[in-house]
Amino acid sequence: GQNIDQPTEMTATEGAIVQINCTYQTSGFNGLFWYQQHAGEAPTFLSYNVLDGLEEKGRFSSFLSRSKGYSYLLLKELQMKDSASYLCAVGEGSNQAGTALIFGKGTTLSVSS
Amino acid sequence: IAGITQAPTSQILAAGRRMTLRCTQDMRHNAMYWYRQDLGLGLRLIHYSNTAGTTGKGEVPDGYSVSRANTDDFPLTLASAVPSQTSVYFCASSRSGRADEQFFGPGTRLTVL
């Protein structure tokens, strides 16, 4: 089976740094994704990690440790517009069968001034 | 059309009625997906299609059916709606069924009374 855990809620202030953790247990691991979802909107892609290590993309970075079943999303220089839900998703499945995304329940981040 | 569209935007439906949610993409993506999103449960995969002519079951397929007659369209049908199918439904697509970024449509908010 699969299990993905991430904190339900986090709060931070403008200009700060926040780290959102995600732990997972799954079979047929095929990468880890982070999505951002503003209230009432569709999820949008932020990052993808398939190998261990840190991937940096502007103010956002994502880290993966496959041996530990662990990832985090790091948001730097927080802005009010970063208030959103952040969804951790694990790609699961064989190359032949395709990859299903199994989503965690999401972390709601509130950024205050 | 730019990207992925869904129709209707929202719908109120009497229990027992049949309903088809429409999804169309113009990105020539091979893979398409249907998710439902419920408060506290996150995004859950209903059905997917890795390529035109093929479909597969996701995590919560019961009560739903899909077809993939061509690359662009992936309708989701509720044969006889029940109140537990009240949810926000997101269609998504990706270039392939492998570990690719998924692009999400704007969603359909469905209420079954």
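This text follows the structure it describes.
A short tour of the structure in this document, coming up. (Residues numbered from 1 in each chain as written. Chains lettered and ligands numbered in written order. Predicted model: local features only at pLDDT ≥ 70, side-chain atom pairs only at ≥ 80, totals over all residues. Heavy atoms only, no water.)

**Thoughts on the interface of chain A and chain B**
In plain terms, the rule: In this analysis, two residues are considered to be in contact whenever any of their non-hydrogen atoms come within 4.5 Å of each other. Here a salt bridge means any side-chain nitrogen of Lys or Arg lying within 4 Å of a carboxyl oxygen belonging to Asp or Glu. Two N or O atoms count as a polar contact when they lie within 3.5 Å, although within protein this holds only if one can serve as hydrogen donor and the other as acceptor, and sequence-adjacent residues are included solely when both atoms are side-chain atoms. Numbering of helices and strands starts at the N terminus; helices are DSSP runs of H or I of at least 4 residues and strands are runs of E of at least 2. Each residue receives one of three labels: charged for Asp, Glu, Lys and Arg, nonpolar for Ala, Val, Leu, Ile, Met, Phe, Trp, Tyr, Cys and Pro, and polar for the others, Gly being one of them.
Counting residues at the interface gives 19 residues for chain A and 20 residues for chain B. Where chain A packs against chain B, one counts zero salt bridges. At the junction of chain A with chain B, the criterion picks out two residue pairs in polar contact (both at pLDDT 80 or more). Elements with a minimum of two residues in the side of chain A that touches chain B: strand E4 (29-37), strand E5 (44-49) and strand E10 (100-103) of chain A. A per-class count over the side of chain A that touches chain B returns 11 nonpolar, six polar and two charged.

**Some details on the environment of leucine 73 of chain A**
Residue and element names in this part refer to chain A. Note the threshold: Only protein chains enter the accessibility calculation, which uses a 1.4 Å probe; a residue whose area is less than 20% of its type maximum is buried, one above 50% is exposed, and one in between is partly exposed.
Examined against the element boundaries, leucine 73 turns out to sit in strand E8 (residues 70-75). Here leucine 73 falls in the buried class, since its relative accessible area comes to 0%. C-alpha of leucine 73 to C-alpha of glutamate 14: the two residues are 59 residues apart in sequence and 17 Å apart in space. Every residue in contact with leucine 73, bar those within four places of it in the chain, is listed here: Val18, Gln19, Ile20, Trp34, Leu46, Ser47, Ser61, Ser62 and Tyr86.

**Description of the sheet that holds strand E3 (residues 18-25) of chain A**
All names here are of chain A. For clarity, the threshold we go by: Any two strands are treated as partners once DSSP identifies two or more bridges connecting them. Axis definition: a line fit to C-alpha positions, over the contact stretch in the case of helices; interaxial angles, taken between N-to-C directions, run 0 to 180 degrees.
One open sheet holds the five strands; their spatial order is E1-E3-E8-E7-E6, and the pairing between them is antiparallel. Edge positions in the open sheet fall to strand E1 (3-5) and strand E6 (53-57), since each of these has one partner strand only. In this sheet, adjacent strand axes meet at a mean angle of 15° when their direction is disregarded. Two strands pair when backbone bridges link them, and E1 and E3 are joined in this way by three bridges, in the antiparallel orientation. Bridged to isoleucine 4 within E3 is tyrosine 24.

**What about the sheet that holds strand E1 (residues 4-7) of chain B?**
Residues and elements named next belong to chain B. If you walk across this open sheet you meet the four strands as E1-E3-E8-E7, and the pairing is antiparallel. Strand pairing shows two members of the sheet lacking a second neighbour, E1 and strand E7 (64-66), which therefore form its edges. With strand direction ignored, the average angle separating the axes of adjacent strands in the sheet is 20°. Two strands pair when backbone bridges link them, and E1 and strand E3 (residues 19-25) are joined in this way by four bridges, in the antiparallel orientation. By the bridge assignment for E3, alanine 7 is matched with arginine 22.

**Quick word on the packing of aromatic side chains**
To keep things clear, this is the line we draw: Aromatic pairs are defined between Phe, Tyr and Trp rings, using the six-membered ring for Trp, whenever the two ring centres lie within 6.5 Å; interplanar angles under 30 degrees are classed as stacked, those over 60 as edge-to-face, and all others as tilted. Counting as a charge over the ring demands two things of the Lys NZ or Arg CZ atom: a distance within 6 Å of the ring centre and an angle within 35 degrees of the ring normal.
In this structure the tally under the stated criterion is 16 aromatic pairs over all chains. Aromatic rings pair up to connect Phe33, Tyr35, Phe45, Tyr48 and Phe103 of chain A together with Tyr33, Tyr35, Phe90 and Phe104 of chain B into one cluster. Its end group placed over the ring of phenylalanine 74 of chain B, arginine 68 of chain B keeps NZ or CZ at 6.0 Å from the ring centre.

**Observations regarding the pattern of salt bridges**
Proximity of charged atoms lets side chains of opposite charge pair with each other. Residues and elements named next belong to chain B. Going through the model one piece at a time under the given rule, you end up with six salt bridges over all chains. One salt bridge connects aspartate 72 with arginine 28, and the closest N-O pair in it is separated by 2.9 Å. With aspartate 72 in the loop between E7 and strand E8 (76-78) and arginine 28 in the loop between E3 and strand E4 (31-38), this pair connects stretches of sequence that are 44 residues apart. Given the relative accessible area of 23%, aspartate 72 is considered partly exposed. The salt bridge involving aspartate 38 is made with arginine 44; its shortest N-O contact spans 2.9 Å. For the pair formed by aspartate 38 and arginine 44, the shared burial category is buried. One network of salt bridges, with partners in common, ties together Arg36, Asp38 and Arg44.

These figures come from the coordinates and say nothing about function on their own.
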